[in-house]
Structure formats: structure tokens, C-alpha cells
Amino acid sequence: MSADSESVSGGRALILAGGGLKVAFQAGVLQVWLDEAGLTFDHADGASGGTFNLAMYCQRMSGRQIADNWRNLRPLKGVTPNWRQYLRGPYARSLFTLDGYRAHVFPSWGLDWAKIRATDRSASFNLYNFSKNQLQVLTAADMNEDRLVAAVSLPMWFPPAVLDGDTYIDPVYVTDANIGEAIRRGCSELWIIWTVSRRGRWYDGFVANYFQIIETAANSRLQEWLDRIEANNAAIRDDRPGEFGRHICVKLLPGEVPLNYLVNFTQDRFAEAVELGVQAARRWCGEQHPPIKLNVSPPSYGRDLTRLRFTERMTGSVRFEAPGTGIAPAGQRTANLSVRLTIDIPEMDDFVISPEHQAPVTGSVTCQALGGQLTVDQGSFNLFVEEPDPEHLQMLYRLWFADKAGHRLTLVGHKDIYDDSHMGLWSATTTLHVRILRGYIEPADDDNAELVASGVIRIHLADFLAQLASFRIHGDTVSGRISAARRFGGLFCGKLWDVYGQRVLTWSPF
């Protein structure tokens, strides 16, 4: 069946744009749009990495099934070095092949080409026929494993696919989202999930340059279509025909996904990217007018019950805003302050995969001006939360306690970690900016709360060494404890790489 034989009248198109392995985020969005929002689409288009999700969609997998396939992806199973080509040096056909995806990943996803070809869903898959110098658009009925591989055969990384004597490559340089195909088929609503980075930050090096060239091609093409649609809609509003003859509504959900397009080695990275897509889609649905109602699914984290605990101590001072108010002694402007906290991570899956990376905290706050050593009634810690750029991370602390007079107080602290801060890795990760607020304050109420004191406390070298010695891992097996240590270390070091190692590789592979 040719692409031209399918058409829809009006309706809604799902645009599964490319983005390499960043489309794990796209799968999280599909969980929300397809399952939690119950949205249906009259047509779906996929390009580059988006064709993976399109194939599963055509097979009528649920959004949750598609998302779980990415959550459970073991990336090293798909890595197949093209060893024989390495001896050819700069004339090598490719660095890798997609044989690992054929042998391991596609079967683990449960791709069934008979079901995909028999789908009743209107879909278009994009391939670039290099031999004929043209974009080739195929329906689901035309697809098979070879053509799916051809759709993602990114030059240099993977060898071109040869089908029926013609050479095919990934169409990303022509289009990463075939918006024109959806419009040609009569769709008037375009629901686009976009994971190609739009940060506009340039990094040196051949690998970074390669993907920045892709970003240039993909983003400029997207913007060209958005401009054409806006001009069309303006003409329609002025009672002129417009290029497309009808109003086109664009619903764009972009994501800055902290995954490299291809170089990723750990399952946790993919699972977290899926959760970022889920959270972004839920927020996006709530921001629509009117909001899109959701039947929210429970989290899909695993059940790694390995427990990790460690203790940290920070010391410094705070300055009181209004001495003599009953919380701080009259005339006392500054006071020493220290905290000794135990961070208890009860389940590694929940902590590592959840984008909030949150754990409960117990311990004490010591400040003589407030009455000495004070027990933390309730506390939380968030490791490396995006604020909101993946390159700008924060460690967040929130401690509820009461002074000796019984006044309820909240200590709110954050560590800023970003490359442009000029603080350096050590200072950024050991310096906590604190505020003490009156009352037990939830995060949404911070800006309206009364400020009691503010200051800075730090982890000093001796305390840092003691913190390292305090790490304890509790699990049923030795391998489970080793895995928990590896996962926590991978999360911690990987996130720091995301900030400070961008010039080596844009995102950490771990």
C-alpha cells in the first residue's frame, strides 16, 4: 500500500519526531496522552527514533506498554561495534551496527510485524532513499524490520541500509517530523512531541558537532513549518485562503532530555527519561485551555528494596531578620548554626528513577540562639533536581523543627550546581544556602512565608570524610548491595557530568 492511498478528513495527528534515544521521553508522554488522557489520533507520523514508538503504537500497544519497554531497556544489549570496519580507519562504513537491536531489543519490545502491518491505524514512516535523493513515506502495511532499521540508520554511527538495490539512511537531515504529510492527509491538529535539543549551546569536538548539525537541520525545519502554519493561520483570520486552506492548530510538547542521542550505558537513565516525559505531559495537560483531565497511572518503578543511608554534617552561620521577635534574642543579629542529618533512601528504584530523587531526612539543627540542639520533626532531601534546565541542578533540603520556646520553623536549603556559577564542583556541592521560615512551610508557600534568618552552611573536609565513612547499604544479597552502590554512584557522578562534563560528552552515558 502506498502512502498516497491513505487520507483522513480533518482530525488530530500525532507527530512522533526523532531525537535518537531521547525518544524515551516521548514514550512517557504517550503513557499520559494515550492512557491517562484517553486521547485518540486520526493519523500518526514517525521519523528517525520516533519510528520505534510509532511501530509499537501501530501494534496497538498501550501508552504504558510503550513506556515500560523503554523503562526496561538494557542499552548495552543494543550496542554492536562494527569491529571489522575499524581497521579501515576514517574510511570505515560505520562505528556500530543495529544487529543488537534486531537480536535483543526488538524481541524484548515484542514487535510483531504481522500485527503492525495489519493495523487499522493511519500511520506514516519516513525513510530517506539516498539512491533516488528523495524522502520516502511508507504506511504501516509497507513496514518490516529491515525498513525500520533503515529509518534509523544514522550515517557514521550505523551503516546505510540497502533495500531492493537502493541505499537508505535516517531522514533526519531532511525532516525529523513530517508535518507536511500530516497536513496533506487533512489533519488540522498537530500534536508534536519534540526531543531534539533547542538549547542553542555550541560545544567543540567532532561528536558534539555531529549532533549539533542534526539539531540545526531538525530545529530549523521545525521552525520553518511553524512559521508557515502561523502565516497560514493569519491569512485565514483575515479571510484569505492561506497556504493550507484551513486553520492548523499546533500543540507542541518539547523536552530537554538529559540523555545523549546515542551514547548511553545504563537502564536507569532511560527509566528516568520516561518519568520526565510522564511528568512533563501531566503538567502540559494541566496547562491546556481547558485542562485535559487525566486518570493518573501509578508509578512504574521496580521493587528494588535495597536501603541506603548516610549522615552529613554542615556548619556555618545565619543572620536574623528581626531580632527580639520571640524567636531570636533581642539584639542578636547573627548566630552559628549547624545541622547533622541522616538521609535514608528506603527504595533504590524509587529514588534513582524518580526525577525528584527524594528521600526522607532525620537529624537535628543546632543553634544556641534558638535554644541549642533541636530535633528535626520531619525532613526531606532532593538530589540534583532540574531548575528547570538539566544543566542547572539543585540539591534541596527542607527541615521542620521547633525552637525551645515551641515556635515552629522550617529550614529551607539549596545547593546550586551549574557550570556558569564559577564556584567549582567542590564549592557547589558542599555549600548550602539556607533560609529559616516561620511555621511549617510547604514548598509552594515559601515566597509568602515570614523570613526569620538566612545564611550559609558548609560541609568541611573532615565532615566530608566522615560522611563517606557513614554510608550503609542494607539488602538481602551481596550483589544487591553492590548494585545499589553502583546505581547511587552512577546517579551522583552522572548528574555532575551533565553539568561539568558537557564539553567531553554532552550528557553522561551513566
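Structure's up top.
Residues numbered from 1 in each chain as written. Predicted model: local features only at pLDDT ≥ 70, side-chain atom pairs only at ≥ 80, totals over all residues. Heavy atoms only, no water.

Caption draft 1: Molecular detail of the overall build of the chain. In terms of helices and strands, the chain carries 14 helices and 19 strands. Relative to the 2.2 N^0.38 estimate, which gives 24 Å for 510 residues, the radius of gyration of the chain is 26 Å and therefore close to what a compact globule would have. For the chain, restricting intrachain contacts to residue pairs at least 6 apart in sequence, the fraction spanning at least 24 positions comes to 68%. Working note: accessible area of the chain is about 22,400 Å², and carbon and sulfur atoms make up 52% of it. Of the side-chain charges in the chain, 51 are positive and 57 negative, and the distance between the mean point of each set is 4 Å. (Helix = DSSP H or I, 4+ residues; strand = E, 2+ residues; numbered from the N terminus. Rg over C-alpha atoms; globule rule 2.2 N^0.38 Å. Contact = heavy atoms within 4.5 Å. Areas by Shrake-Rupley, 256 points an atom, 1.4 Å probe, with all protein chains shown as cover. Lys, Arg positive; Asp, Glu negative; His and termini not counted. Charge placed at Lys NZ, Arg CZ, Asp CG, Glu CD.)

Caption draft 2: Layout of helix α3 (residues 63-71). Listing the buried residues of α3 in full gives G63, I66, A67, N69, W70 and R71. Of the surrounding secondary structure, the elements contacted by the buried residues of α3 are α1 (23-36), α2 (50-58), α5 (99-109) and α10 (267-287). (Buried < 20%, exposed > 50% of the residue type's maximum accessible area, 1.4 Å probe, protein only.)

Caption draft 3: Representation of the packing of aromatic side chains in the model. Applying the stated criterion across every chain yields a total of 31 aromatic pairs. Relative to Y440, the ring of W400 lies with its centre 5.0 Å away and its plane at 10°, an arrangement referred to as stacked. You can see W400 sitting in strand β15 (residues 392-402) and its partner Y440 sitting in the loop between β17 (431-438) and β18 (451-458), a full 40 residues away along the chain. Looking at W400, the relative accessible area reads 14%, which means it is buried. Here W426 and F464 contribute two aromatic rings whose centre-to-centre distance is 5.3 Å and whose plane-to-plane angle is 90°, an arrangement assigned as edge-to-face. (Phe/Tyr/Trp six-rings, centres within 6.5 Å; stacked < 30°, edge-to-face > 60°.)

Caption draft 4: The nonpolar core, seen in detail. Counting 93 residues, the largest nonpolar core has W33, W70, L111 and L190 as its most contacted members. Other than its neighbours up to four places away in sequence, W70 contacts L21, V23, A24, A27, F52, N53, M56, W109, F270 and V274. In this structure, F310, L374, I417 and L432 belong to the second largest nonpolar core, which totals 48 residues. (Core = buried A, V, L, I, M, F, W, Y, C linked by side-chain atoms within 4.5 Å.)

Caption draft 5: Up close: unusual backbone geometry. A cis geometry characterises the amide bond from H289 onward to P290, with omega recorded as -5°. Relative to the elements of secondary structure, P290 occurs in the loop between α10 and β11 (307-320). A positive phi angle is found at S48, which is not glycine, with a value near 50°. Looking at the element boundaries, S48 is found in the loop between β2 (43-46) and α2. Its identity as a non-glycine residue notwithstanding, H357 has a phi of 45°, on the positive side.

Caption draft 6: Local environment of the pairing of strand β8 (residues 166-169). Bridge count between strand β5 (residues 123-129) and β8: 2 bridges; the pairing is antiparallel. Across the sheet, Y128 pairs through a bridge with I169, a residue of β8. By the bridge criterion, 3 bridges tie strand β7 (residues 161-163) to β8 in an arrangement that is antiparallel. Counted as the bridge partner of L163 is D166 from β8. Between the end of β7 and the start of β8, which pair antiparallel, lie 2 residues, with D164 showing a positive phi angle near 50°. (Pairing = 2+ DSSP bridges.)

Caption draft 7: Just a nonpolar patch on the surface, in detail. The grouping of L76, V79, F265 and F510 at the surface amounts to a nonpolar patch, some 350 Å² of accessible area in total. For F265, the location among the structural elements is in the loop between β10 (249-254) and α10. (Patch = residues over 30% accessible without salt bridge, like charges linked within 9 Å, V, L, I, M, F, W, Y side chains within 5 Å. Salt bridge = Lys/Arg side-chain N within 4 Å of Asp/Glu carboxyl O.)

Caption draft 8: Structural detail: the packing of α10 against helix α14 (residues 478-500). Running from amino to carboxyl end, α10 crosses α14 at an angle of 65°, the nearest separation of the two axes being 10 Å. Looking at the two axes, α10 sits roughly perpendicular to α14. The two elements α10 and α14 cross, and the hand of that crossing is right-handed. Within the contact between the two elements, α10 uses D268, R269 and E272 and α14 uses R487, G494, K495 and D498. (Axes fitted to C-alpha atoms, helices over the stretch in contact; angles between N-to-C directions. Parallel < 35°, antiparallel > 145°, perpendicular 65-115°, else oblique. Left-handed = near helix turned anticlockwise from the far one by under 90°.)

Caption draft 9: How the structure looks around the pattern of salt bridges. Within the structure shown, the criterion is met by 26 salt bridges. Across the salt bridge formed by R102 and D146, the nearest N and O atoms sit 2.9 Å from each other. Of this pair, R102 sits in helix α5 while D146 sits in helix α7 (residues 145-151); the two residues are 44 residues apart in sequence, bridging distant segments of the chain. Its salt-bridge partner being D463, residue R313 comes within 3.6 Å of it at the nearest N-O pair. You can see R313 sitting in strand β11 and its partner D463 sitting in helix α13 (residues 461-469), a full 150 residues away along the chain. Exposure remark for R313: the relative accessible area of 34% places this residue in the partly exposed category.

Caption draft 10: Main features of the state of the cysteines. Here the structure, examined in full by the defined rule, presents 0 disulfides. No disulfide involves C249; its nearest neighbouring cysteine sulfur is the one of C187, lying 12 Å away. In this structure C249 comes out as partly exposed when scored by relative accessible area, which is 23%. (Disulfide = S-S within 2.5 Å.)

Caption draft 11: Focus on the side chain of D268. For D268, the position within the fold is in helix α10. The contact partners of D268, leaving out residues within four places of it in the chain, are V352, I353 and R487.

Caption draft 12: Geometry of the packing of α3 against α10. In contact at an axis separation of 8 Å, α3 and α10 are set at 150° when each is read in the N-to-C sense. Regarding the angle of α3 to α10, the classification is roughly antiparallel. Each of A67, W70 and R71 in α3 lies in contact with α10, whose residues at this interface are Q267, F270, A271, V274, E275 and V278. Split by residue class, the contact of α3 with α10 holds 6 nonpolar, 1 polar and 2 charged. (Nonpolar A, V, L, I, M, F, W, Y, C, P; charged D, E, K, R; others polar.)

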